[in-house]
Amino acid sequence: GERAEWDDERSPVGAPTASSSEEPGSDSDVGDGVGDGAEPSAQSGSDVAALGVDEVSGEVFEEPTLQPEAIRAAEAAWGAFQRVAGSPEAAADALYTSIFDAAPNLQVLFKTPRDLMAMRIFRGVGSFVSSMRDPRELRTTAEAIAFRHLDFDVTPPRVTLIRDAIVETIFAELGEEGSISGSNTLKILLNYAGGAFIYIRHNYAGRLKILASSWATATKGGKDAGRAMKADSEGAAEEAAAGHGDAKRRAKLAPNDPTKAGAQAKGGEVAGSPHRGGGAREDSNVSVPTTFTEMFRFNAAVMGFGDRGWMSEVLNAFDAIVRNIGNSYRLQEECDVLSLRLSMYGSAIDFSEFKAAMLASLRSLVPKAWDSDHEVAWSWLWANVERLLAAQLGKPARQEMALNRLYSHLAEKDMSNFHMQIYAKFFELAPTGMHFFKQSSTRLHFVADKVLRMTSEMYKRPEELVDELSASGLRHVGYGIPSELC
């Protein structure tokens, strides 16, 4: 019966432990039926007894309650695993291999180069382990990592495969050093992480739809509103001209009574043309914001933020940010480049000012559909963008100084050796890459020097350099370089 229940990916989440044990199960995304019979009976960890190590739920997002002794057991197991592996790279490779082999049908999702992906998995698990003692930090970590997986279809069975592969690899390395309490606690922790992925993806899908539809309305509203204003203005002008013609005809009908004619003309003006026609002419001369950028600048000026030069940088990148909010890696790239541009304005940047002007502008451009759901969705978008930008605020300037200092202290011979070490390390990590570097040694040194110079120039002119890199990539399309080598 348990197996049949867990085979349904959608209905069972959170059902078995809805009361006291819902914290771990609710946040765990792993709840597949693997091992349902044996594991729950191993409740030597006092905190594990009530949680259910194989239960997965994506319906709620609550932090698990872990007892101190169970946390210590999990931390000890994770630390011992790194020690036995010999290095973070070896530990990361072991985790990657186990996941890759345990889930053949998921291998198509592993598009990032192996070494990079392995370290991401290693650091992700490590970040969960290190934040176990602080529920708020644990939740923040889960949200941040889950946000980067919005474009992946995470399900309980998939999480179970990954969870079991990770835990089995860790305790296979530890042997007798491992403990049941540590194993169960790590399972609960990974259940929570996977459940967070499921919950956030399912519940935030509606927000993504709201953002896409309202942004489409706001960005095309400028053209529609402009056409509507022009039509209204032309219609009012025609009415004004018609009213003026009626007044002239009435004047001709009573040529011998100038007073009456004047009164009729005046009456015609009051009834029709001057008030409405004059208003139309006046309206046609008033520039009403019809695009998001115009509306934002207008609201920013009204709120007293008109002199914030950094807001123009955010505005230039805002369309790409909104359109890629569901693509975590592209969003990260957009925010990284934007953070480099913002570094030119110092660290005195108040992102809440942009949020205020942004929401006011969107309310004006999407008046009919705007409701509390739109308010929450756009506030959520900006909270994520602000988090990514704030994490880099003030750092690019220090990084640029350190990089320039490094390059300035390298003599020509040292720089040449540096170039060769780059290629040696690259060929060690990706031996197939040697097939694409058949040029002379002089050319290879030129390429390496160009790359190093670009790392420095990225801080000075990030937007232009992104265009240059894109153009360089297009020029090398014909080489057919596999994406995993990039």
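Residues numbered from 1 in each chain as written. Predicted model: local features only at pLDDT ≥ 70, side-chain atom pairs only at ≥ 80, totals over all residues. Heavy atoms only, no water.

(A) Up close: the packing of helix H12 (residues 310-323) against helix H14 (residues 351-365). At a minimum axis distance of 11 Å, the contact between H12 and H14 shows a crossing angle of 55°. With respect to their mutual orientation, H12 and H14 come out oblique. Note on packing geometry: the crossing formed by H12 with H14 is right-handed. Across the interface between the two elements, Trp310, Met311, Val314, Leu315 and Phe318 of H12 pack against Phe351, Glu353, Phe354 and Met358 of H14. When its residues are assigned to classes, the contact of H12 with H14 shows eight nonpolar, no polar and one charged. (Axes fitted to C-alpha atoms, helices over the stretch in contact; angles between N-to-C directions. Helix = DSSP H or I, 4+ residues; strand = E, 2+ residues; numbered from the N terminus. Parallel < 35°, antiparallel > 145°, perpendicular 65-115°, else oblique. Left-handed = near helix turned anticlockwise from the far one by under 90°. Contact = heavy atoms within 4.5 Å. Nonpolar A, V, L, I, M, F, W, Y, C, P; charged D, E, K, R; others polar.)

(B) Molecular detail of the confidence of the model for the chain. Here the chain averages 75 in pLDDT, and 74% of its residues register 70 or above. By mean pLDDT, the top-scoring element of the chain is H14 (94), and the lowest-scoring one is helix H1 (residues 2-7) (33). Taken together, the stretch residues 1-51 has pLDDT below 50 and engages in 139 contacts with residues farther than four places along the chain or on a different chain. This stretch, residues 221-284, has a pLDDT under 50; its non-local contacts, to residues over four places away or in other chains, come to 32 contacts. (pLDDT = per-residue confidence, 0-100.)

(C) Representation of the nonpolar core in the model. In this structure, Ile170, Phe292, Phe296, Phe318, Phe354, Met358 and Trp378 are the most contacted members of the largest nonpolar core, which totals 91 residues. Per-element tally for this core: the top contributor is helix H8 (residues 180-253), with 15 residues. Ignoring anything within four residues of it in the chain, the contact list for Met358 reads Phe292, Phe296, Phe318, Trp378 and Trp382. In this structure, Leu403, Met415, Tyr459 and Leu465 belong to the second largest nonpolar core, which totals nine residues. (Core = buried A, V, L, I, M, F, W, Y, C linked by side-chain atoms within 4.5 Å. Buried < 20%, exposed > 50% of the residue type's maximum accessible area, 1.4 Å probe, protein only.)

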